[in-house]
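# Coordinate inspection notes
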Amino acid sequence: MSVLPFIRGVDFTKNDFSQTFPSSMRQMSRVQWLTLDHTQLQEVPEELGQLQKLEHLSLNHNQLEKIFGELTELTCLRSLDLRHNQLKNSGIPPELFHLEELTTLDLSHNKLKEVPDGLDRAKNLIVLNLSHNQIECIPTPLFIHLTDLLFLDLSHNRLETLPPQTRRLTNLKTLDLSHNPLELFQLRQLPSLQSLEVLKMSGTQRTLLNFPTSLDSLANLCELDLSHNSLPKLPDCVYNVTTLVRLNLSDNEINELSSSMESWQRLESLNLCRNQLTALPAALCKLPKLRRLFVNDNKLNFEGIPSGIGKLGALEVFSAANNLLEMVPEGVCRCGALKQLNLSCNRLITLPDAIHLLEGLDQLDLRNNPDLVMPPKPSEASKATSLEFYNIDFSLQTQLRLAGAAVPPSMPATATPKDSTARKIRLRRGPRSDGDQDAAKVLKGMKDVAKDKDNEGEAFGLPEDGKPESLKPKRWDESLEKPQLDYSKFFEKEDGQQPGLTIWEIENFLPNKIEEVVHGKFYEGDCYIVLKTRYDDLGNLTWEIFFWIGNEATLDKRACAAIHAVNLRNYLGARCRTIREEQGDESDEFLALFDTEVIYIEGGRTATGFYNIEEMIHITRLYLVHAYGATVHLEPVAVTLASLDPRHAFVLDLGSRIHIWLGKSSKNTLNSKARLMAEKINKTERKNKCEINVERQGEESAEFWQGLDVTAEEAAAQPPEEHVPDDYQPVQPRLYQVQLGMGYLELPQVELPEQKLCHTLLNSKHVYILDCYTDLFVWFGKKSTRLVRAAAVKLSRELFNMMDRPECALVMRVPEGNEMQIFRTKFLGWDEVMAVDFTRTAKSVAKTGANLTQWARQQETRTDLAALFMPRQSAMPLAEAEQLEEEWNYDLEMMEAFVLENKKFVRLPEEELGHFYTGECYVFLCRYCIPVEEPEAGEETADPATADESRNPSQQQLHQQQQQPEDEIQCVVYFWQGRNAGNMGWLTFTFTLQKKFKAMFGEELEVMRIFQQQENLKFMSHFKRKFIIHTGKRKDKAVTAEGKAPVEFFHLRSNGGALTTRLIQINPDAVHLNSAFCYILHVPFETEDESQSGIVYVWLGSKACNEEAKLVQDIAEQMFNSPWVSLQILNEGDEPENFFWVALGGRKPYDTDAEYMNYTRLFRCSNERGYYTVAEKCADFCQDDLADDDIMILDNGEHVFLWMGPRCSEVEVKLAYKSAQVYIQHMRIKQPERPRKLFLTMKNKESRRFTKCFHGWSAFKVYI
């Protein structure tokens, strides 16, 4: 059965179809994309007309002069690439543009003198490329109909003007007019192209007279190219384009730049090469995102480069070649991100000493500076004190430099008067202890505290061996020494990371993953590994691992199944056991993994790993040895006497014997290479059992002539003749990757880096076909699937028969790891000889690898402390918060709320909207209606259909309704989970409500799971700052131990802005009061009936802002709107003794200011990325951000706390301690008026100074 009808795409690039085109192409009835680039086609093959489902066709770099007939029949064609051909206007049929699906058309680099006839009928075009032709004018109807264009390239033509209808291209994003004689064109249509993002006008004879006076309407313009013009200065309107990201002004006559360039705050690339600049403005240093700056070939000297250039912290490339520089400012060396610096062809005398401190500098070009004297390298300072912990330099200067921040000058030590008496006392005490004694004491104390478990009083101390114990408790299996195995050779990264079933079969001692369609079908002669992955109630991954043994399986398969099942458990870090299942005696748990009944298949699909004694079958082959490029190749030729050439060497492979024939005029280099190649074949493929014979021309043996199927007399009568061309070059191999989908095949070519075929391109997960014309190889990766292999074998046969090949050509299968020598020679440097270091032992090589340099680079400890040196996130202004709240609520069309009640979601009563309980789960369905910006009116259109004045009013009104753009609808579901609610609510929502919403809204639905006090701003804005969080559950009536109604105490606070305002119920205690906040205190009364009577106090701190005071009063009136409840507003100091202080447990001292709110920052220290990092939490952090397996650094402006989770490691403790010290040093420089002190704290032992930084602090969440 042919596989051609199942092919969806194929890439035939660089095949020679100049003589014949494969007729079997007709069978590819389902092909959707086809690439025929560089195939030397002179006309469109008629076979293409049969491909009715073809959507993408590429025919670039051919010799096509006309495209009549075949292409007009492809009704599904969407993109057509015809660049770099010989097309003329007469060769393009107008019927081609009647294809309704055509959206992309490339006719560049042809011989068009005018726009092809009928192109205006291709109304669905969005990409049009007519560059590099000879077009002189654009017809008027073209842009009347092609209004959907997004990309238009008209560069390198002969255009002198553009039609007025160009202004109709309102959707255009890229416009290229480069290298056209547009001197008289005023670009009046340009302001109408409001969607334009890229504008290229290089070489269009732009001057100040023919440049637009304003570009303000181009609000999306990010790239502008004005190179190769005659501009004496930059037009003023360009300075007003604040959205520019890339700007090219090279090859002009610009002699100065305005300071207005500081408005380009998004600019990343600026090219000013080949102008007349003598100085760069200081405003250049105010471009924070500038990454590439080119000022080559100008007249810049030392004063011409601003001294503040060091402020460009993002600058990566600075090129100032061919200028008048004698020195460069030292600020250049302060650009910490600099990677490339080009100062060639100047008058440099020396460079700043700091040039050696640019650690990230990859390229430094100083050529053609004859008087340059490089500064000496600074001697490296001793790092004995800063490299104490894990080879990491924790000095402040080093960490600031790594973070890309400015390194401050060292602080001078304060001079203290000498005290002779104190000196005598110190001498009597004896020698001083080590300078790090205090630090050692702190670390020891941290370790001892970490050993103290919750509510347990274990004694402190060290083990008998004297080694400090790890802070993280070890399980019994963690103390076992595990073998150093690279499990990635057996399993993939995604294995076991998604819920579902994964099965491997044992083949040749290794596990091989099988497709999902054959799950539950087991061969009796094979063994399998079965992995079941699922989520537990806490959302963590859990695994079950089985290995299934067939009754007829060989011993190697049985053993490897058990071994690799254990390897899989170690690879995943699973805690489960590996369970053995035998055919016919499977457990119920194993059978429950499959949806259908397990099926047994006779025999075995995979081969045993043991060697089978069988006689190998070899095909006689003759190879021409040639040196094309940098390596030696073996090219198959016909096994005949006529193939021999006296100027070359040949290899005759007879299986058990290999004959090397050396011509009389063959080169000695090729002769020795041929001998070496034969030795490699014998060693790697024949187990050193092959006999190698060297045959010189005229001295051949009888066995050699017998291998060529001739006699010695016949060979003497027909001596070899010279027939191999002097410029002989083999056909360039083409590497295809076989891709298999649901019912289709694709055969794309692999992109070759630098056009060199390298064996590193072969991936073990895939199957490849290497087409060398004379031979076709099918390479099977070890991890490739069975179906892809089978499809590749059939596809290789079709590809082999599709083209005319020599009779000696073969199709060969090449498994990974057993590649034959002739296959290896096709790749550059596969079998190169490796250098051997005889001074090293086998043990050291096994531990570190052969490349010591690479191993040393990997051992460099990586850290990231940049977050410690970043400025604190400022609070959002009230006006900005109110504007965001208004915009988001304006877009909100509808919001429906649900709450989990009796294991199902019911509608939330309207009066409870905005009230949340810590033990509940809520669902909010939000429907957003985002209006689409309408085009500006007032512009006349040339379309007669819209300009018809004969319409009656009703028709005009209907026409306006049809033209009105529809608003964009977005549906978002927010799932809110309280900190005391379990995960059952999320599972219930996933299997019930979410499915209903998916059926209603389809792919437009977006689901967001949010947790208490970790809500996003958009969700918070819908409650208009009235976000109340109660303790407990909705239906549960809370009572005290005495059976009375409890006192309710609420705290109003904003973290980082007004949008994050919450009213949270806290423990009723006077110590929680603060003069900077507002509170609500509800004191219930005891009544005989069930009426909820009581008194409510709204306590306003003396330093609270007016907005929060007004807000808390509104909330209190809505919450306690009952005739039985009395509401009183209390200013600080007016509290009554009888109810207020009694309800709070008596009068206690409390804080009178919240200055810490202006300084509070929370950092997370973790090793989860594989290296030590410090990351800052947002300003709206909460108690749940304190992770048990990490260490947190909290700064409140007066103290720095080091909070340790119970499961953090000893390594993290030490690194976090040093990080906190570096942070305190940094803040001592930034804020010398606020010195910090370092404190240690642990979970459940936090002080009031620590907990007051968190809104609504309570007991930690318990994970079950």
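Keep in mind that what you see is a predicted model, and the values were worked out from it rather than measured.

### Some remarks on the overall build of the chain
Counting its secondary structure elements, the chain contains 23 helices and 51 strands. Relative to its 1264 residues, the chain shows a buried fraction of 47%. For the chain, the proportion of contacts with a sequence separation of at least 24, taken over those separated by at least 6, is 59%. Working note: accessible area of the chain is about 67,700 Å², and carbon and sulfur atoms make up 49% of it.

### So, the packing of aromatic side chains
Taken as a whole, this structure holds 53 aromatic pairs when the rule is applied. An angle of 55° between the planes, with centres 6.2 Å apart, marks the rings of Phe898 and Phe997 as tilted. With Phe898 in strand S35 (residues 892-901) and Phe997 in helix H18 (residues 993-1001), this pair connects stretches of sequence that are 99 residues apart. Taking relative accessible area as the criterion, Phe997 reaches 5% and is therefore assigned buried. Over the aromatic face of Phe1260 sits the side chain of Lys1243, whose NZ or CZ is 5.0 Å from the ring centroid. Taking the ring centre of Phe1239 as reference, the NZ or CZ of Arg1249 above it sits at 4.6 Å.

### Topic: unusual backbone geometry
One non-glycine residue with positive phi stands out, namely Gln40, at about 60°. Position of Gln40 among the secondary structure elements: in the loop between strand S2 (33-35) and strand S3 (56-58). In this structure Gln40 comes out as partly exposed when scored by relative accessible area, which is 43%. Phi at His61 is positive, roughly 60°, even though this residue is not glycine. Within the fold, His61 resides in the loop between S3 and strand S4 (79-81). Note on His61: relative accessible area 31%, which makes it partly exposed.

### As for the sheet that holds strand S17 (residues 500-507)
Here 5 strands make up an open sheet; going across it, the order is S18-S17-S20-S21-S22 and the pairing mixed. Among the strands making up the open sheet, the edge pair consists of strand S18 (510-513) and strand S22 (578-582). For this sheet, the mean angle separating the axes of adjacent strands, direction not counted, is 30°. Bridge count between strand S20 (residues 527-535) and strand S21 (residues 541-549): 9 bridges; the pairing is antiparallel. Bridge pairing links Lys532 to Glu544 in S21.

### Let's talk about the sheet that holds strand S42 (residues 1048-1054)
Strand order across the open sheet formed by 7 strands is S37-S41-S43-S42-S44-S45-S46, with mixed pairing between neighbours. The open sheet terminates on both sides in strands that have one partner only, identified here as strand S37 (915-917) and strand S46 (1125-1131). Averaged over all pairs of adjacent strands, the angle between strand axes in this sheet comes to 20°, irrespective of strand direction. Bridge analysis of strand S45 (residues 1094-1100) against S46 gives 7 bridges, and the strand direction is parallel. Paired with Leu1100 across the two strands is Asn1131, which belongs to S46. Contacts from helix H20 (residues 1106-1119) reach S37, strand S41 (1028-1030), S42, strand S43 (1061-1066), strand S44 (1078-1084), S45 and S46 within the one sheet, and its direction differs from that of S44 by about 25°.

### Structural notes on the pattern of salt bridges
As enumerated under the stated definition, the model contains 45 salt bridges in all. Asp771 is paired through a salt bridge with Arg734; the nearest N and O atoms lie 3.7 Å apart. One end of the pair, Asp771, is in strand S31 (residues 767-771); the other, Arg734, is in strand S29 (residues 734-740), and 37 residues separate them in sequence.

### A look at the pairing of strand S28 (residues 691-696)
Bridge count between strand S27 (residues 657-662) and S28: 6 bridges; the pairing is parallel. Of the residues in S28, the one forming a bridge with Trp661 is Glu695. You can see the chain leave S27, run along helix H8 (residues 668-685) and come back into S28, and the turn it takes is right-handed.

### Section: the pairing of S27
Along S27, 5 of the 6 residues are buried, which leaves the element largely enclosed by surrounding structure. Two strands pair when backbone bridges link them, and strand S26 (residues 649-653) and S27 are joined in this way by 5 bridges, in the antiparallel orientation. Residue pairing across strands places Asp653 opposite Ile658, the latter belonging to S27. Between S26 and S27, which pair antiparallel and follow one another directly, the connecting turn spans 3 residues, one of which, Gly655, has a positive phi of 90°.

### As for the nonpolar core
Membership of the largest hydrophobic core comes to 136 residues, with the highest contact counts inside it found for Phe12, Met28, Leu34, Val238, Trp264 and Phe318. Of all the elements in the fold, those that place two or more residues in this core are strand S1 (7-11), helix H1 (142-145), helix H2 (236-239), S29, strand S30 (745-747), S31, strand S32 (775-780) and helix H11 (786-802). With 8 residues, the single largest contributor to this core is H11. Apart from residues lying up to four places away in sequence, Val238 is in contact with Phe211, Leu215, Leu224, Leu226, Leu244 and Trp264.

### Things to note about a positive patch on the surface
A cluster of basic residues, Lys88, Lys111, Lys113 and Arg158, forms a positive patch on the protein surface. As for its placement among the helices and strands, Lys111 is situated in the loop between strand S5 (104-106) and strand S6 (127-129). A residue is classified by how much of its surface remains accessible, and Lys111, at 40% relative accessible area, is partly exposed.

### Some details on helix H22 (residues 1210-1230)
Taking 1.5 Å per residue, 21 residues should reach 30 Å; H22 reaches 30 Å between its end C-alpha atoms and fits that length. Buried residues dominate H22, accounting for 15 of its 21 residues.

### Thoughts on a nonpolar patch on the surface
A cluster of nonpolar residues, Val517, Leu740 and Leu787, forms a patch on the protein surface that exposes about 260 Å² of accessible area. Secondary-structure assignment places Leu787 in helix H11.

### A few points about the environment of Val632
Its location among the elements puts Val632 in the loop between strand S24 (621-626) and strand S25 (633-637). Spatially, the C-alpha atoms of Val632 and Lys826 are 9.1 Å apart, while their sequence positions differ by 194 residues. Leaving out residues up to four positions away in the same chain, Val632 has contacts with Val625, His626, Ala627, Lys673, Met677 and Thr825.

### What about the side chain of Asp1190?
Mapped onto the elements, Asp1190 comes out in the loop between strand S48 (1172-1176) and strand S49 (1191-1195). By relative accessible area, Asp1190 is classed as buried at 2%. For Asp1190, the side chain forms a polar contact with the side chain of Arg1164, separated by 2.6 Å. In this structure Asp1190 touches Arg1164, Cys1165, Ser1166, Trp1203, Met1204, Gly1205, Cys1208 and Glu1212, once residues within four positions along its chain are discounted.

### Some points on the side chain of His564
Counting through the fold element by element, His564 comes out in helix H6 (residues 555-572). Classification of His564 as buried rests on a relative accessible area of 5%.

### So, the packing of helix H17 (residues 984-991) against H18
Where H17 contacts H18, the two axes come as close as 3 Å, and the packing angle between them is 35°. Where H17 abuts H18, its residues Thr988, Phe989, Thr990 and Phe991 lie against Leu993, Gln994, Lys995 and Phe997. Residues belonging to the contact of H17 with H18 are distributed by class as follows: 4 nonpolar, 3 polar and 1 charged.

### Describing a negative patch on the surface
On the surface, a cluster of negative charge is made up of Glu882, Glu886, Glu887 and Glu1107. In this structure, Glu886 sits in helix H15 (residues 878-891).

### Details of the confidence of the model for the chain
The pLDDT averaged across the chain works out to 83; a share of 85% of its residues lies at or above 70. A low-confidence stretch, residues 380-388 (pLDDT under 50), is modelled with 8 contacts involving residues beyond four sequence positions or located in other chains. The low-confidence segment residues 453-472, where pLDDT is below 50, has 25 contacts with residues more than four positions distant or belonging to other chains.

Each value, and the rule that gives it
Residue positions are given per chain, counting from 1 as you read along its sequence in written order. Selection of residues for local features in this predicted model requires a pLDDT of at least 70, selection of side-chain atom pairs for listing and counting requires 80 or more, and totals for whole chains, interfaces and linings are taken over all residues. Side-chain metrics in this entry use all non-hydrogen atoms of the structure; hydrogen atoms and water are not considered. Going along the chain from the N terminus, every DSSP run of H or I of four or more residues is numbered as a helix, and every run of E of two or more is numbered as a strand. Categorising residues by exposure relies on relative accessible area from a 1.4 Å probe, with only protein chains included: less than 20% of the type maximum marks a residue as buried, more than 50% marks it as exposed, and the intermediate range marks it as partly exposed. For this analysis, residues touch if any pair of their heavy atoms sits within 4.5 Å. Each accessible area is a Shrake-Rupley estimate made with a 1.4 Å probe; only the visible protein chains count as cover when residues are assessed. Two aromatic rings, drawn from Phe, Tyr or Trp (for Trp, its six-membered ring), form a pair once their centres lie within 6.5 Å of each other, and the interplanar angle then sorts them: stacked below 30 degrees, edge-to-face above 60, tilted otherwise. Any Lys NZ or Arg CZ found within 6 Å of a ring centre and within 35 degrees of that ring's normal is scored as a charge over the ring. One bridge is not enough; two strands pair if DSSP finds at least two bridges between them. Working convention: axes come from line fits to C-alpha atoms, limited for helices to the stretch in contact. Angles between N-to-C directions cover 0 to 180 degrees. Salt bridges are defined as contacts in which a side-chain nitrogen from Lys or Arg sits within 4 Å of a carboxyl oxygen from Asp or Glu. With its strands directed away from the observer, a crossover is right-handed exactly when the path from the first strand over the helix to the second travels clockwise. Nine residue types can take part in a nonpolar core, namely buried Ala, Val, Leu, Ile, Met, Phe, Trp, Tyr and Cys, and a core is a set of them joined through side-chain atoms within 4.5 Å. Each patch is built from residues that are more than 30% exposed by relative accessible area and take part in no salt bridge. Like charges join if they lie within 9 Å; nonpolar side chains (Val, Leu, Ile, Met, Phe, Trp, Tyr) join within 5 Å. Counted charges follow a simple rule, with Lys and Arg positive, Asp and Glu negative, and His plus the chain ends left uncounted. In this description, the location of a charge corresponds to atom NZ of lysine, CZ of arginine, CG of aspartate or CD of glutamate. Take the residue count of a helix, subtract one, and multiply by 1.5 Å to get its expected span. Any pair of nitrogen or oxygen atoms within 3.5 Å is treated as a polar contact; in protein, a donor-acceptor pairing is required on top of that, and neighbouring residues in sequence qualify only through side-chain atoms on both sides. Each residue is assigned to one of three groups, with Ala, Val, Leu, Ile, Met, Phe, Trp, Tyr, Cys and Pro labelled nonpolar, Asp, Glu, Lys and Arg labelled charged, and all others, Gly among them, labelled polar. In predicted models, pLDDT denotes the confidence assigned by the predictor to each residue on a 0 to 100 scale.

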